[in-house]
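These are the residues of each chain, in order.
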Amino acid sequence: MAFNGHKREDENIGEDESPTKQPRSDMEMPSGLRNDPDNEAASSAGRDTSDRRTSKATARLRSDSVKKTRPPFPWFGMDIGGTLVKLVYFEPKDITAEEEQEEVENLKSIRHYLTSNTAYGKTGVRDVHLELQDLTLCGRTGNLHFIRFPTHDLPAFLQMGRNKHFSSLHTTLCATGGGAYKFESDFRTMADLQLHKLDELDCLVRGVLYIDSVVSKGPSECYYFENPTDPDRCIQRPYTLENPYPLLLVNIGSGVSILAVYSETNYKRVTGTSLGGGTFLGLCCLLTGCSTFEEALEMASQGESTRVDKLVRDIYGGDYERFGLPGWAVASSFGHMMSKEKRESVSKEDLARATLVTITNNIGSITRMCALNENIERVVFVGNFLRVNTLSMKLLAYAMDYWSKGQLKALFLQHEGYFGAVGALLELLHPS
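We now turn to the structure provided with this report.

Thresholds applied
Residues numbered from 1 in each chain as written. Predicted model: local features only at pLDDT ≥ 70, side-chain atom pairs only at ≥ 80, totals over all residues. Heavy atoms only, no water. Helix = DSSP H or I, 4+ residues; strand = E, 2+ residues; numbered from the N terminus. Buried < 20%, exposed > 50% of the residue type's maximum accessible area, 1.4 Å probe, protein only. Core = buried A, V, L, I, M, F, W, Y, C linked by side-chain atoms within 4.5 Å. Contact = heavy atoms within 4.5 Å. Pairing = 2+ DSSP bridges. Axes fitted to C-alpha atoms, helices over the stretch in contact; angles between N-to-C directions.

1. Here's the deal with unusual backbone geometry
Between phenylalanine 73 and the following residue, proline 74, the backbone shows a cis peptide bond with an omega angle of 5°. You can see proline 74 is positioned in the loop between α1 (40-69) and β1 (75-80). Between tyrosine 245 and the following residue, proline 246, the backbone shows a cis peptide bond with an omega angle of -5°. Mapping proline 246 onto the fold places it in the loop between β10 (235-238) and β11 (247-252). Look at cysteine 138: it is not a glycine, yet its phi comes out positive at around 55°. Along the polypeptide, cysteine 138 turns up in the loop between β5 (132-137) and β6 (140-150). A relative accessible area of 11% means that cysteine 138 is categorised as buried. Look at valine 388: it is not a glycine, yet its phi comes out positive at around 50°. Within the element layout of this structure, valine 388 appears in the loop between β16 (378-382) and α13 (390-403). According to the relative accessible area criterion, valine 388 is partly exposed, its value standing at 41%.

Structure below.
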C-alpha cells in the first residue's frame, strides 16, 4: 500500500608576522647578561622565534610538495549517466600575474566559455544557484561550477572539446558512471582523450561526504521536511549531518541504487530497482507525448493521481482497519485504467501525476524495507530525479515518517545529482 499523491492547492514545483627584533647570541651579548639566570625569558623568546622559522620552512616545503603533485589546470570531474551527464569544473580565482602571463590561450578559452555562460547549446545548463565560491582545493582558491546536459548530446560536448583543443591541456579525464565505459572509445576517437574510469558508488559516497563538509555559506546542504504528514505545517528545515553514520544513501537516477554507509570507507550496495527517473520520463513520454523531464513534472503538478490509481477505499469503501491501512492509500497503481469509462475521463496531467506517484511510492517502499533490515534510521535521498521535484521529495518524506511512525527521517541534499562528478574531481586531485 502506498500514498496516493493527492494534489493540494498549496503545492508548488517549484601568514606573515611583523618583524621581531631577535636577541643576540652569547658572543654578542653584554658580558653582564651572558649565562644570567634572569635572561631565561630572552632565551625562551629566541627558541620561540626559531620554532616559528622552522614551522614556516616546513609549511613552505609542504606547499612546494603540493604544487609538484597537483595536476595542471583545467580541473574537471564527470559523471556520465544513462540520462544526464554531470560535469563539475573548478575555476581558480587566485591566478598570479606570472601564471596569467604563462597561461596558454586554450586554457583561457575553456575557462571563459564555461564561466561566462549559463547555457551551452540548446540543452546544456550551468546550475548557477549551486555554485560554491571561495573553495580551497589542493592549495588553490576558486569557484566550483556545476554543469549538466543530456547524455544523448555527448557527441556535441566531445566536438566542443576537440574544437577548443582540450587534449593539448589534458590527456586524461576522470569520469564515472556507466557512460565512462560505454563512451570510452568515443572520447578517444572524437576528442583524443583517455578516460580514467572510476567506480560510481565510490565517487558518490566520496562526493556526498565532501560537499556536506565544505558547504558553510548560504542554505544548508542537507535538509528535511518538518511535519511531512501535515500539509498545512510542512516546511523545509536545515539538517546538520554531524556523525552521519550509519546512513542509507538512496541514489535516484535513471534507475535506483541503495547503499548502506557505515563510514567513509565502509559501505555496501544493499539493493536497487530498475524503476527510477528514467522510468518516470519514459512512461510520461509514452502516455502524454511530453519530451523533457521538466515538461513531465509540470504536467504532473497539474494532475490528480486518484483518477488513475485504485485506492483502499475503492475496494473496502473506507479504511482496512484490521491492518491499519487508511482508505487514501494506493491499493493498485493505475488500477482504474482497467475501466474504459475511466480511461476516457482521465487527462494527460492525471497520467503524469500517477506515474510520478507510482515511481516514488515504489522507491519509498523499498527504501523503508532496506532501512529496517539494516537497522538504519537516517535516509539520504540524492540523484537528478529529485531536481526541481518537490512533489516526490515531500511524498518520500511523508511515506518515511508515516509508515515508520516517525522513526525514519528522509533527508535531501542541495546538490542532488552532482556528487558522482565531485567524487571524480576529488580522485583527480587526491588519488585514492
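2. Details of the nonpolar core
The biggest cluster of nonpolar side chains holds 68 residues, and the ones touching the most others in it are Trp75, Met78, Leu137, Leu154, Phe187 and Leu249. When near neighbours in sequence (up to four residues on either side) are disregarded, methionine 78 contacts Val85, Lys86, Leu87, Phe157, Leu173, Cys174, Ala175, Thr176, Phe187, Ala421 and Ala424.

3. Digging into the pairing of strand β13 (residues 267-273)
Sheet analysis places strand β12 (residues 256-261) next to β13, joined by 6 bridges and oriented antiparallel. When the sheet's bridge partners are listed, valine 261 is paired in β13 with tyrosine 267. The turn joining β12 and β13, which pair antiparallel and follow one another in sequence, is formed by 5 residues.

4. A word on the sheet that holds strand β9 (residues 222-226)
One open sheet holds the 7 strands; their spatial order is β10-β9-β17-β16-β11-β12-β13, and the pairing between them is mixed. The two strands at the open ends of the sheet, each matched to only one other strand, are β10 and β13. The sheet shows a mean angle of 30° between the axes of neighbouring strands, taken without regard to direction. Bridge count between β16 and strand β17 (residues 409-413): 4 bridges; the pairing is parallel. Its bridge partner lying in β17, valine 380 is registered against leucine 411. On top of the sheet, α13 reaches β9, β11, β16 and β17; it is set at about 155° to β17, its chief contact.

By themselves these figures say nothing about function.
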